[in-house]
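# Architecture and fold: a report
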Amino acid sequence: MRIARFSIDGNVAFGAVEGNSPDELVLDIIKGIPFADFELSGTKVPLSKVRLLPPVLPNKVVAFGRNYAEHAAELGHEVPDAPFAFFKPSTSVIGPGDPIAYPSFSKELHHEAELAVVIVRMCREVPRERVKDVILGYTCANDVTARDVQRREKQWARAKGFDSSCPLGPWVETDLDPSDLTIQCTVNGEQRQLGRTSQMIHSIEDLIVNISEAMTLLPGDVVLTGTPAGVGPLNVGDEVAVTIQGIGTLTNKVIKRD
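So, a few notes on the structure that sits alongside this text. As the structure is a computational prediction, the values presented were derived from the model and not from experiment. Throughout, residues of each chain are indexed from 1 in the direction in which the sequence is written. In keeping with the predicted nature of the model, local features appear solely for residues at pLDDT of at least 70, side-chain atom pairs appear and are counted solely at 80 or more, and the whole-chain, interface and lining totals rest on all residues. Water and hydrogen atoms play no part in the side-chain values, which are based on all heavy atoms of the structure.

This next bit is on the overall build of the protein. From N to C terminus, the protein includes four helices and 20 strands. With respect to the three principal axes, the spread of C-alpha positions in the protein is 50 × 45 × 30 Å. In the protein, which comprises 258 residues, the share counted as buried stands at 53%. The method behind every accessible area is Shrake-Rupley, applied with a 1.4 Å probe, and residues are considered shielded solely by the protein chains displayed. Summing over all exposed atoms, the protein offers an accessible surface of approximately 11600 Å²; the carbon and sulfur share of this is 48%. Across the protein, 26 positive and 34 negative side-chain charges occur, with their mean positions spaced 6 Å apart. Put simply, DSSP marks the helices as runs of H or I at least four residues long and the strands as runs of E at least two long, and each gets a number from the N terminus on. A simple rule labels every residue: compare its accessible area, found with a 1.4 Å probe on the protein chains alone, to the largest value its type can have, and call it buried under 20%, exposed over 50%, or partly exposed in between. When charges are counted, Lys and Arg contribute as positive and Asp and Glu as negative, whereas His and the chain ends are disregarded. For this purpose, a charge sits on NZ of Lys, CZ of Arg, CG of Asp or CD of Glu.

Now the structure itself:
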């Protein structure tokens, strides 16, 4: 099932995306929320009539860096022995079609296409064999990074946590095997990144076990799993698109920050 979060006539709801052709997609509005038992209402609205929002509003976004060897190498980093985590605040999250505001304190903005994992229930110290039980599904993410700030400040709070630095969407796919999916990023239609989730150094199970040893994950929290090689610059006016096999495409445009 593809679960989207959307607004229509000033109201916000979740819906199940139905159909295959982009021109024929409809939303069957969900009764309740997707983090508990829910029913489909049978009330359907065309996707073209709504505004898609970030598919979830996470309490926190836990991101893992250097989880693809070629990406670590292209930035001159060593591959970490254990998962390497950092955070993006909830205020960094935007949805499909929302603008990425180029931060005033950076002159080198980069795209990073990533598979995002959405947590379905409160959990802590998750055993490896139970990881699938705490996952709602998967969506596309762009870990937008102020690369010059990342290098200069060493720690990554401002470089990766500024407003609009975490586009998510277009929806959550709940029925998906994430072990070997194509991840692609294009800028203005030109391919920049192309990799596969099978190239991850640490698996999704590794990442969930690692972070849940330290902290409680809540429904709607998001875990970013790292980016393949090919990261590169974004400029004002660019349109950046992240496409993941079996999920869809997340598209955002870069604008000048007011």
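Glancing now at the state of the cysteines. Two cysteine sulfurs form a disulfide in these notes if their separation is within 2.5 Å. The full count for this structure, using the stated rule, is zero disulfides. This cysteine, Cys 166, is not joined by any disulfide, and Cys 140 carries the nearest cysteine sulfur, 12 Å off. Given a relative accessible area of 0%, Cys 166 falls into the buried group. No disulfide involves Cys 185; its sulfur sits 11 Å from the nearest other cysteine sulfur, which is in Cys 140. Judged by relative accessible area, Cys 185 falls into the buried class, the value being 0%.

What follows deals with the side chain of Thr 186. With respect to the helices, strands and loops of the structure, Thr 186 is situated in strand E15 (residues 182-187). Residues count as neighbours in contact if any of their non-hydrogen atoms are within 4.5 Å of one another. Contacts of Thr 186, omitting those with residues within four sequence positions, involve Gln 191, Arg 192, Glu 239, Val 240 and Ala 241.

We now examine the sheet that holds strand E10 (residues 109-111). What makes two strands pair is DSSP finding at least two bridges between them. If you trace the three strands from one edge of the open sheet to the other, you get E13-E10-E18, paired in antiparallel fashion. Each of the sheet's edge strands pairs with one partner strand only, and the pair in question is strand E13 (145-146) and strand E18 (232-234). Two strands pair when backbone bridges link them, and E10 and E13 are joined in this way by two bridges, in the antiparallel orientation. Counterpart to His 110 in the pairing with E13 is Thr 145.

Position of Glu 129 among the secondary structure elements: in the loop between strand E11 (113-119) and strand E12 (135-142). Glu 129 sits in the exposed class, given a relative accessible area of 65%. Taking C-alpha positions, Glu 129 is 9.8 Å from Val 209, a pair spaced 80 residues apart along the chain.

For the rest of this paragraph, the subject is helix H4 (residues 204-212). Residues of H4 that are buried include every one of Ile 204, Leu 207, Ile 208, Val 209, Ile 211 and Ser 212, and no others. Packed against the buried residues of H4 are strand E6 (61-65), strand E7 (84-88), E11, E12 and strand E17 (222-224).

Let us look at the side chain of His 111. Inspection of the secondary structure puts His 111 in strand E10. For His 111, a relative accessible area of 0% translates into the label buried. Polar contact criterion, stated in full: a pair of N or O atoms within 3.5 Å, where within protein one must be able to donate a hydrogen and the other to accept it, and residues adjacent in sequence count only if both atoms are side-chain atoms. In this structure the side chain of His 111 is engaged in a polar contact, spanning 3.1 Å, whose partner is the side chain of Arg 192.

With that settled, the discussion passes to the packing of aromatic side chains. Geometry of aromatic contacts follows a simple scheme: Phe, Tyr and Trp rings, the Trp one being its six-membered ring, pair when their centres are within 6.5 Å, and the pair is stacked under 30 degrees between planes, edge-to-face over 60, tilted otherwise. On inspection of all chains with the given rule, the structure shows four aromatic pairs. Residues Phe 86 and Trp 156 carry aromatic rings whose centres are separated by 5.0 Å and whose planes lie at 70 degrees to one another, so their mutual orientation is edge-to-face. Taken as a pair, Phe 86 in strand E7 and Trp 156 in the loop between helix H2 (147-153) and helix H3 (157-161) lie far apart in primary sequence, 70 residues in all. Note on Phe 86: relative accessible area 8%, which makes it buried. One aromatic cluster is present, built from ring pairs that chain together Phe 84, Phe 86 and Trp 156. The residue whose ring lies beneath Arg 2 is Trp 171, and the NZ or CZ to ring-centre distance is 5.6 Å. In this scheme, Lys NZ or Arg CZ marks a charge over a ring once it lies within 6 Å of the ring centre and within 35 degrees of the ring normal. We note Arg 66 situated over the ring of Phe 84; from NZ or CZ to the ring centre the distance is 4.9 Å.

So far we have only geometry, and geometry alone does not tell us how the molecule works.
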